[in-house]
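# A look at the structure
Here's the letter readout for the chains.
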Amino acid sequence: MSNGSSIPQCLLLPFAETRELQLWHFWLFRGISLAALLGHSLINTSTACDQHLHTPRYFFLLSLSLLHLGCISTTVPKSKANSLWDSRDISYTACAAPIFFLHFFLIAEFYFLTIMSYDRYVAICKALHYGSLLGSRACVHMAAAAWGAGFLTALLHTANTFSLPLCRGNAVEQFFCEIPQILKLSRSHSYLREVGLFVIAVCVTFGCFVFIVGSYVQIFRAVLRIPSEQGHHKAFSTCLPHLAMLSLFVSTSAFAYLKPPTISSPPLDLVVSVLYSVVPPAVNPLICSLRNQEL
């Protein structure tokens, strides 16, 4: 096989070999996806309909919720269908869409988490200037930048990945199409461009992470100067949902993409992929509702 065009289809990694476990997986993922759909729909409806929630904080939360819906809708449906119909195949060209959309949603999600850390910093450390620093126009511009940067980055990675020649079969060791798994099928000397894009992405991600850490250092310093215990609790409670979502996203994504090759195996990769692509979109509505009485 000299290139991608000679591969009519790829074989995805099944969750189970026995029919009973395949059906169990189908119903489990069906329940998770329905719960995520319900949770995010409630958040989106509440945020859109309640005038009291028309604030920068909930505007960014609404965008994040839409990204979570997109993420779980990209990975779960094909996996459910494969388990229900006992199949593994997906056309090579059809792999491009989930790869693009998954990376688009994940990259944009991290940018929105970065923006939300700035929102919390301004709300606590620059409270008197909150309206001027985070006006409606500024919020729209930041959201558009996050969506646009995610779109362009995902487009570059996807286009570059599918321009590589493949020569190592068509078995993708994952339950959905993913760039690292596609790269494993290419010639070792052919994906240097993708490595270069990955290095740039890591640098940008590290810059965002430093910005988030710096924002929370300033937030914690400001909170500790608040004299009342009630003030401490109120300030921290507004940050906890964001910190929980950020920790879940960073920990699962970092382990998925940065774990040593020596501990990599198909079963472990399968579990890790569920942790970063399915679990966060499913549990984040619960995280938001527990600490946001308005929701």
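Figured I'd write up the structure that's included with this text. Predicted model, so just to flag it, every value in this text is computed and none were measured. (Residues numbered from 1 in each chain as written. Predicted model: local features only at pLDDT ≥ 70, side-chain atom pairs only at ≥ 80, totals over all residues. Heavy atoms only, no water.)

### Focus on the overall build of the protein chain
Secondary structure assignment for the protein chain yields 10 helices and 2 strands. Along the protein chain, helices and strands appear, N-terminal first, in the series β-α-α-β-α-α-α-α-α-α-α-α. Expressed as a percentage of the 295 residues in the protein chain, the buried residues total 44%. Sequence-distant contacts, at least 24 apart, represent 79% of the contacts inside the protein chain between residues at least 6 apart. (Helix = DSSP H or I, 4+ residues; strand = E, 2+ residues; numbered from the N terminus. Buried < 20%, exposed > 50% of the residue type's maximum accessible area, 1.4 Å probe, protein only. Contact = heavy atoms within 4.5 Å.)

### Points about the packing of helix α2 (residues 56-85) against helix α3 (residues 96-125)
It is at 9 Å that the axes of α2 and α3 come closest, and there the two elements cross at 160°. Taken as axis vectors, α2 and α3 run roughly antiparallel relative to one another. Here α2 runs over α3; the crossing is left-handed. Of the residues contributing to the contact of α2 with α3, the split by class is 15 nonpolar, 5 polar and 4 charged. (Axes fitted to C-alpha atoms, helices over the stretch in contact; angles between N-to-C directions. Parallel < 35°, antiparallel > 145°, perpendicular 65-115°, else oblique. Left-handed = near helix turned anticlockwise from the far one by under 90°. Nonpolar A, V, L, I, M, F, W, Y, C, P; charged D, E, K, R; others polar.)

### With respect to α2
When the terminal C-alpha atoms of α2 are compared, their 44 Å separation across 30 residues agrees well with the 44 Å that a helix rising 1.5 Å per residue should span. The largest bend along α2 reaches roughly 25° and is located at V76, with the proline P77 sitting one to four residues downstream. Across the 30 residues of α2, 21 count as buried, placing the element largely inside the fold. D86, located one to two residues past α2, shows a positive phi value of around 55°. (Expected span 1.5 Å × (residues − 1). Bend = angle between axes of the 7 residues up to and from the residue.)

### A look at the pattern of salt bridges
Should their charged atoms come close, side chains of opposite charge can pair. The tally for this structure, following the rule as stated, stands at 1 salt bridge. The partner of D119 in a salt bridge is R120, with the nearest N and O atoms 2.8 Å apart. Assessed through its relative accessible area of 2%, D119 is described here as buried. (Salt bridge = Lys/Arg side-chain N within 4 Å of Asp/Glu carboxyl O.)

None of this, on its own, says anything about what the molecule does.
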